Amino acid sequence: MVDNKQQWKAWLYLSPAIVLLLVFTVWPIFNTVRMSLLENYSGLKAAGGAVFEFGFGNFEKVVQYKRFKECLTNTVLLCVLTVPISTLLALLIAVTLNSIKPLQKLLQTIFFLPYVTNSIAIGMVFAAMFNIIGLRPDGINADTWGIINNVIQFFGGKPVNWINQGSQYWANMTVMVVYIVWNALPFKILVLLGGLQSINKQYYDAAKVDGTSRRRVFSRITVPLLSPMLAYVIITGFIGGFKEYTSIVGIFGETMGPPDAANRLNTMVGFIYDALSSNSQGRASAAALILFAIILAVTLFNNMVIKKHTHY
Amino acid sequence: MKVTLQNLTKIFPSRDKKSGKEVVAVNDFTFEIPDGKLIGLLGPSGCGKSTTLYMISGLQKPTAGRIFFGDDDVTELSTENRGIGLVFQNYALYPHMSVKQNILFPLQNLKGKDKMTKNEMLERAYEAARLVQIDELMDRKPSELSGGQQQRVAIARALVKMPRVLLLDEPLSNLDARLRLQTREEIRRIQKETGITTVFVTHDQEEAMSISDMIVVMKLGVVQQIGKPQEVYDNPTNLFVAKFLGTPPINVFNGNITGGKLYIGEEAVMDVPGVEDQAVTVGIRPEGFELADDGKLTCNLSNVEVMGRDVSVVSTNDASVNPVIRSIINADNKIDLSQTTVRFNLKPHKVFIFNAETEERLYVEVK
């Protein structure tokens, strides 16, 4: 414990951080709650001296919006699809990477590259890969396919309109899932690989002495011993998934959907941004708090499940 | 199950590519481990004892030589097909499984005709648990157990599939002193009850001597001596073995043989008739000293440590290789601490003479 007489020193040293936190974290959180509870709150009107009544109108309105339901559906769907797929893939890749000796460092670096690449840039590359319209070599006709469709055609399949005018919702969603999973892999692989490398090799020797099959070693030893890392990866994956926004922008631009169906792929965060930009801070705050409540509930649920199955 | 090691050799390639020096961990080890005996592999760290154990287990492949279980050559056989139980130094209990699950784990791996029903497995698991007296702890996690209990669980897990050979890697090194005494008795009891041929590795000579039927003393990958603990203690083949066994350790002196007499310093302490003159190293066990007013070996008395039944007389002598000489004398002997010197006669069978260069034992008659 710090000597009582010296305590003011501790406070003094902490004060810059405390001030910054109060101004940029604590106050905004508090203010969000305040704005969400003031009927039809708008920053512009407030600046003009308007007074707002207290009430839950913002929440009611937000929930009633058809677009809110679409955004929520998109967000939940993306989470539910991408988190399990990316976690599973990351686990497989990490285990494989961990079991090979030559080139391990090189491969590790390659797998980590997406993490250090700008996600908008990656989105643009993906958009190009999934594109249906491009220029032919003659530069006149504009109906060639992106590389994905080229591959599909090479194997005798029919090209799919992934992201362009007239594309279907499921096609858009597929592109988003592929992109988000790919983007999420490096971090997960890194965490899981770290976890794998910290598992005591003697467990594997012991399992070998007992004649354990590879599959059983994986399911009964590797996965349980990796469970703290898996839990971490899954929880952060869900939190990240509920905050999904930039990846949609990366592929579809700010229309948040194909040109003929703008906002079709909008997410919760997108909804909040839209409300903000239309000067409805009250509704934006309400939506933000709803998102917060959802993330909290999902995390608590995750924690509950994980506690049962995690060994620390 | 008799275990035969035939010219067993393990060479590790050099880690340092520049020097290219390879490490010979075990060098040409030949030994037949009799059926149903407890064998202690003993030596300082880096002597190759663990490597030997892991080669018997199959986790490491020998560079040369062969291993037989009974008449079966198991050298090429993989670990899981050898029918061994292995207890790791830090037990390697699966931390996420209960004691019961840990013990059941090897049984659940059995396939084909060896496959067992759930009830059979449980029965076997409880049988093994009862043998090591942990059947009360079956639902605990390893982290909720003491070191000694974890050790027992590890032994139960190794025993549950009824191995042909049980291997223990430094089984007592992670236990505190009191538990160590208890557990080594326990290991002895379990081994006797099951009659499984057991090999264990230790760097603690006391531990090895106290429970082994036979000990193998190793140094730098080379076997120094094999035999019953008492025989090895009473009859070491070289200075290393003599120094390695026994607490307090043997007292070593620089000596000389001149004219059929063994000299330590200026004093002729023993008769060695018919031995040619040469410089030698003399080892005298602490219990090989007898106080005598007209004793042949004179030492400078420094201290007397009371041990109860015995006293340990601490003294010095210019010819001693060690800074002090420790001799164990019956406490009935009264020692006058005011005197500056103390004189000893030596018991001939506790005095070993070694070649000063090779440190090999000179088997000569000492009188």
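Residues numbered from 1 in each chain as written. Chains lettered and ligands numbered in written order. Predicted model: local features only at pLDDT ≥ 70, side-chain atom pairs only at ≥ 80, totals over all residues. Heavy atoms only, no water.

On to the packing of helix α3 (residues 57-64) of chain A against helix α13 (residues 281-309) of chain A. Residues and elements named next belong to chain A. It is the contact of α3 with α13, at a shortest axis distance of 8 Å, that shows an interaxial angle of 75°. Between α3 and α13, the angle is such that the two are roughly perpendicular. On α13, the residues that touch N58, F59, K61, V62 and V63 of α3 are G282, R283, A286, A287, L289 and I290. Across the contact of α3 with α13, the residue classes tally to seven nonpolar, two polar and two charged. (Axes fitted to C-alpha atoms, helices over the stretch in contact; angles between N-to-C directions. Helix = DSSP H or I, 4+ residues; strand = E, 2+ residues; numbered from the N terminus. Parallel < 35°, antiparallel > 145°, perpendicular 65-115°, else oblique. Contact = heavy atoms within 4.5 Å. Nonpolar A, V, L, I, M, F, W, Y, C, P; charged D, E, K, R; others polar.)

Across a sheet, strands are paired by hydrogen bonds formed along the backbone, either parallel or antiparallel in direction. Residues and elements named next belong to chain B. Reading across the sheet, the four strands line up as β2-β1-β4-β5 and stay open at both edges, with antiparallel pairing between neighbours. Strands at the two margins of the open sheet, each flanked by one partner only, are β2 (23-33) and β5 (72-73). Along the sheet, helix α1 (residues 49-57) contacts β1 (3-12), β2 and β4 (64-69); its crossing angle with β1, the most-contacted strand, is approximately 115°. (Pairing = 2+ DSSP bridges.)

Before going further, it helps to spend a moment on the packing of aromatic side chains. Applying the stated criterion across every chain, the model contains 21 aromatic pairs over all chains. A centroid spacing of 5.3 Å and a plane angle of 80° characterise the contact between F130(A) and W162(A), whose relative ring orientation is edge-to-face. Note that F130(A) is positioned in helix α6 (residues 119-130) and W162(A) in the loop between α7 (147-154) and α8 (169-197), a separation of 32 residues in sequence. For F130(A), a relative accessible area of 5% puts it in the buried group. Ring-pair connections join several aromatic residues into one group, and the members of that group are F126(A), F130(A), W162(A), Y179(A) and W182(A). Just above the ring of Y94(B) sits the side chain of R157(B); from NZ or CZ to the centre is 4.8 Å. (Phe/Tyr/Trp six-rings, centres within 6.5 Å; stacked < 30°, edge-to-face > 60°. Buried < 20%, exposed > 50% of the residue type's maximum accessible area, 1.4 Å probe, protein only. Lys NZ or Arg CZ within 6 Å of the ring centre and 35° of its normal.)

Residues and elements named next belong to chain B. Evaluation of the coordinates by the stated rule reveals 16 salt bridges over all chains. Between D213 and R188 there is a salt bridge, with its nearest N and O atoms 2.6 Å apart. Here R188 lies in helix α5 (residues 177-194) and D213 lies in the loop between α6 (205-211) and β9 (214-219), a separation of 25 residues in the sequence. For E193, the salt bridge goes to R189, with nearest N and O atoms at 2.7 Å. Highlighted residues: E193 and R189, both in helix α5, separated by four residues, approximately one helical turn. Owing to a relative accessible area of 25%, R189 belongs among the partly exposed residues under this scheme. Linked through salt bridges whose partners overlap, the residues forming this network are R152, E186, R189 and E193. (Salt bridge = Lys/Arg side-chain N within 4 Å of Asp/Glu carboxyl O.)

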